[in-house]
Amino acid sequence: MNKNRKWWKEAVVYQIYPRSFKDSNNDGIGDLNGITEKLDYLKNLGIDVIWLSPIYQSPNDDNGYDISNYYSIMEEFGTMDDFNNLLEKIHKKNMKLIMDLVINHTSDEHPWFKESSKSKNNKYSDYYIWRDPVDGEPPNNWESRFSGSAWTYCESRGQYYLHLFSKKQPDLNWKNEKVKTDIFKMVDWWLNKGIDGFRMDVINFIAKEQGLPDSKRPDSPEKWSSLPKSHKILNELKNEVISKYDVMTVGETPFVTPEDGHKYVNENRNELDMIFHFEHVNLDNYDGKNFLKFKDIQSKWYKVQEQGGWLSQYFANHDQPRPISKFFNDEEYREESAQLIAMMLLTLPGTPYIYQGEEIGMINVGFNSIEEYNDIRTINKYYDMLNKNLAEEDFFDKLKEKSRDNARTPMQWSDQTHAGFTNGEPWLKVNSNYKIINVKRSINNPNSVCNFYKELIYFRKNNKDLIYSDYKDLLKKDKEVYYFKRSSNKNVYYIILNFTGNLIDLRKKKIKLDLNKLELCNYNNYDCKKLQPYEARLYISKT
Ligand code: GLC
Ligand code: CA
């Protein structure tokens, strides 16, 4: 186990999607002053680090992940003064703030792109990835992650530009030293302002294969995901800029394998502190065989931590459906499922990331018409579906499960109109379950999801040895129960979780729980011989 102590290993991180967190001026859009209003809530929950999804100036084609000015704040979210005020208040409360860093691409409304698209010989002509048409067609077969070709034709240059995401998100050309210099300067500017680190958006996509050849499958990432050059750029960024500050970095790295992941986070290589992999959230469910895969993924990734790196743990973010709905039971056992997730998140190896609303057990929304959705990926898929003549009904069923808007509906603060998020018209409809699922109700109930999170967070803070302890899966082949231990030189922590909606007879599984002390459980009445649906327990035994 990696036992080097660092503040960001001991921290609990909370992700805020600012558009949906709290609206302070009733225009229906969450904003910075709204976040400032809620700092006491986060502090009280035990949060150490707040991660903000992008708040920079943006035309919002992809809700801020398309940046048109890295140095200014999106008008709808407030001003730079509001930001400074938020940062100061966060620090006063002894919390930290990390920002989203989106540097694989910019908006097409960024001045660099506007200039670049004008001609082949201006100061910015090489800031993006431009290619001539091949027989009037795009230069290769790569597909955008948001449907359609990854290339869009630009009349003024007579060329195509590459965009792995929407056509309003042109990819930067990282082979151009000037791009690097300008981006590094911007990173330094924010760190110098006093922020505490970055979450780096699709950071393993920044290098593309030399010559941009066709890929085997059009959606295949082997041409642009985790190429050696991306490691080199991150190493330079760390050495030249980030290492001057005591900050944390976490890279979003889709498609990453543990082997490659180890390179990004190995402390000797000076690249990133942590990454987000997707193996566990990409499973369709956690039943039967998939559950075995899920456990295997945890063990496999633990090796990265054992061998000198550090992990992140998450089940939810702004791109994923709500995990209770996708993997557990969002009806009869919603609260138990939410608490089981909490226990895993706070006791598995690595730094935990809570996504807004997860701490009160928010679930998928499932809108019924395309007009109610906002997410560009969802909407592009809808038009794809129409073009391909697929049945609309099946499509909506899929959306209900998969759309990113499931995670983006406004935070549910109370049972007031629009869940207390705004007094105006919210930009995205509030989930109709807000009268039952909301912060106010959750805080007032000692057995709630929110209070279980709190207990776990404080438990973790009071037992730091847990954070640096070894991990072992004690029941690898069992298709119903997740049973693992974390051992330090002081304590052994046993965590046992029922991943099903059934009663589990522990004797049949030959599990004996005569451990010293039951520390936490999501049921008040527990039985030594049986686990109830989605029951989650934590035991300690002194070594
Ligand atoms: C990341 C973000 C996602 C965004 C994409 C393009 O995956 O999390 O929300 O759409 O990158 O920036
Ligand atoms: Ca607002």
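Throughout, residues of each chain are indexed from 1 in the direction in which the sequence is written. Both sets of labels track the order of writing: A upward for chains, 1 upward for ligands. Thresholds applied to this predicted model are a pLDDT of at least 70 for local features of residues and 80 or more for the giving and counting of side-chain atom pairs; totals over whole chains, interfaces and linings are not thresholded and use all residues. Only hydrogens and water are removed before side-chain values are computed, so all heavy atoms of the structure are retained for them.

What about the site of ligand 1?
Residue proximity to a molecule or strand is established when one non-hydrogen atom of the residue lies within 4 Å of it. Taken together, 14 residues surround ligand 1, and among them Asp 62, Asp 201, Glu 252, His 318 and Asp 319 come closest. Contacts described as polar in this section are N or O atom pairs within 3.5 Å, which, within protein, must combine one atom able to donate a hydrogen with one able to accept it, while residues neighboring in sequence count only if both atoms come from side chains. Taking Asp 201, its side chain carries an N or O atom lying 2.7 Å from an oxygen atom of ligand 1. Note that an oxygen atom of ligand 1 is positioned 2.8 Å from one of the side-chain N or O atoms of Glu 252. In isolation ligand 1 exposes 300 Å². Once the protein is present, 96% of that is buried. Where accessible areas are quoted, they stem from the Shrake-Rupley method and a 1.4 Å probe; at the residue level, only the protein chains shown are allowed to cover.

So, the environment of Asp 415
Helical segments are the DSSP runs of H or I of at least four residues, strand segments are the runs of E of at least two, and each set is numbered from the N terminus. Tracing the sequence through the fold places Asp 415 in the loop between helix H13 (392-402) and helix H14 (439-444). Exposure is judged per residue with a 1.4 Å probe applied to protein chains only, and the accessible area is read against the type maximum: over 50% gives exposed, under 20% gives buried, and values in between give partly exposed. By relative accessible area, Asp 415 is classed as partly exposed at 40%. Considering only alpha carbons, one finds Asp 415 and Ile 436, 21 residues apart in sequence, at a separation of 7.4 Å. We call two residues in contact whenever any of their non-hydrogen atoms come within 4.5 Å of each other. If we skip the residues at most four places from it in the chain, Asp 415 touches Tyr 434, Lys 435 and Asn 438.

Comments concerning the UniProt feature "domain: Glycosyl hydrolase family 13 catalytic" (unreviewed entry) in the chain
In this structure's numbering, the residues bearing the UniProt feature "domain: Glycosyl hydrolase family 13 catalytic" (unreviewed entry) are residues 15-408. In residues 15-408, the share of helix is 33% and the share of strand is 12%. The end C-alpha atoms are 12 Å apart. UniProt positions are given in the numbering used here, feature names are shortened, and annotations may be inferred rather than shown by experiment.

Examining the sheet that holds strand E6 (residues 130-131)
Hydrogen bonding along the main chain pairs the strands of a sheet, whether they run parallel or antiparallel. As summarised here, the arrangement of the 3 strands in space is E6-E8-E7, forming an open sheet in which the pairing is antiparallel. The two strands at the open ends of the sheet, each matched to only one other strand, are E6 and strand E7 (151-154). Pairing analysis gives 2 bridges linking E6 to strand E8 (residues 159-162), with the strands arranged antiparallel. Bridge pairing links Arg 131 to Tyr 160 in E8. Pairing between strands is defined by DSSP: at least two bridges between the two strands are required.

Re helix H11 (residues 334-347)
When the terminal C-alpha atoms of H11 are compared, their 20 Å separation across 14 residues agrees well with the 20 Å that a helix rising 1.5 Å per residue should span. Counting buried positions over the 14 residues of H11 gives 13, a clear majority of the element. Given the number of residues in a helix, its expected span is that number minus one, multiplied by 1.5 Å.

A word on the sheet that holds strand E1 (residues 13-16)
Taken in spatial order, the 8 strands of this open sheet run E11-E10-E9-E5-E2-E1-E13-E12, and their pairing is parallel. One side of each edge strand has no neighbouring strand; the edge strands of this open sheet are strand E11 (274-276) and strand E12 (312-313). Bridge count between E1 and strand E2 (residues 49-52): 4 bridges; the pairing is parallel. Across the sheet, Val 13 pairs through a bridge with Val 49, a residue of E2. Where helix H4 (residues 80-92) meets the sheet, its contacts fall on E2 and strand E5 (96-101), and the angle it forms with E5 comes to roughly 135°. Helix axes are fitted only over the stretch in contact, all axes being lines through C-alpha atoms; the angle between N-to-C directions runs from 0 to 180 degrees.

Let's talk about a negative patch on the surface
Among the surface-exposed residues, Asp 284, Glu 392, Glu 393, Asp 394, Asp 397 and Glu 401 lie close enough to one another that they form a single negatively charged patch. By the element assignment, Asp 397 lies in helix H13. On the basis of relative accessible area, Asp 397 is assigned to the partly exposed category, the value being 45%. Like-charged residues within 9 Å of one another, or nonpolar side chains (Val, Leu, Ile, Met, Phe, Trp, Tyr) within 5 Å, are grouped into patches, provided each residue has over 30% relative accessible area and no salt bridge. The salt bridge criterion pairs a side-chain nitrogen of Lys or Arg with a carboxyl oxygen of Asp or Glu, the two atoms within 4 Å. We treat Lys and Arg as the positive residues and Asp and Glu as the negative residues; His and chain ends play no part in the count. Here the site of a charge means NZ on Lys, CZ on Arg, CG on Asp, or CD on Glu.

Examining the coordination of the calcium ion (ligand 2)
In this structure, Asp 23 (OD), Asn 25 (OD1), Asp 27 (OD), Ile 29 (O) and Asp 31 (OD) serve as the protein donors to the calcium ion (ligand 2), at separations of 2.2 to 2.3 Å. Of note, the calcium ion (ligand 2) draws all its donor residues from one chain, in the sequence arrangement D-x1-N-x1-D-x1-I-x1-D. Classification of Asp 27 by relative accessible area gives partly exposed; the value is 36%. Because no water is among the atoms considered, metal sites can look incomplete, with donors defined as N, O and S atoms within 2.8 Å of the metal, or 3.2 Å for Na, K and Ca.

Points about the pairing of strand E13 (residues 351-355)
Most of E13 is tucked away, with 5 of its 5 residues classed as buried. Where burial is concerned, the two faces of E13 agree: the one with Thr 351, Tyr 353 and Tyr 355 and the one with Pro 352 and Ile 354 are both buried. Relative to E13, E12 runs parallel, the two being bridged by 2 bridges. If you follow Ser 312 over to E13, its bridge partner there is Thr 351.

What to know about the pattern of salt bridges
Counted under the stated rule, the structure contains 38 salt bridges. Residue Arg 408 pairs with Asp 375 through a salt bridge whose shortest N-O separation is 3.7 Å. With Arg 408 in the loop between H13 and H14 and Asp 375 in the loop between E13 and helix H12 (376-387), this residue pair connects regions lying 33 residues apart in the sequence. The same class applies to Arg 408 as to Asp 375, namely buried.

Thoughts on the environment of His 418
Along the polypeptide, His 418 turns up in the loop between H13 and H14. If we ignore the near neighbours within four places in the chain, the residues touching His 418 are Gly 424, Glu 425, Pro 426, Val 430 and Tyr 434.

Considering the packing of helix H7 (residues 228-240) against helix H8 (residues 258-265)
Look at H7 against H8: their axes get within 10 Å of each other, and the N-to-C directions meet at 20°. Taken together, H7 and H8 sit at an angle that is classed as roughly parallel. Seen from above, H7 lies across H8 with right-handed handedness. Contacts between H7 and H8 pair Ser 230, His 231 and Leu 234 from the former with Asp 260, Lys 263 and Tyr 264 from the latter. Charged residues are taken to be Asp, Glu, Lys and Arg, nonpolar residues to be Ala, Val, Leu, Ile, Met, Phe, Trp, Tyr, Cys and Pro, and polar residues to be all remaining types, Gly included. Grouping the amino acids of the contact of H7 with H8 by side-chain chemistry returns 2 nonpolar, 2 polar and 2 charged. Roughly parallel covers angles under 35 degrees, roughly antiparallel covers those over 145, roughly perpendicular covers 65 to 115, and oblique covers all other angles. Rotating anticlockwise by less than a right angle from the far helix to the near helix defines a left-handed crossing, while the corresponding clockwise rotation defines a right-handed one.

Observations regarding the packing of helix H6 (residues 177-192) against H7
Their axes nearest at 11 Å, the elements H6 and H7 cross at an angle of 45°. With respect to H7, the element H6 is oriented oblique. In this structure, the crossing between H6 and H7 has a hand that is right-handed. Between H6 and H7, the residues in contact are Lys 180, Phe 184 and Val 187 and Ile 233, Glu 236, Leu 237 and Glu 240, respectively. In terms of residue class, the contact of H6 with H7 is built from 4 nonpolar, no polar and 3 charged.

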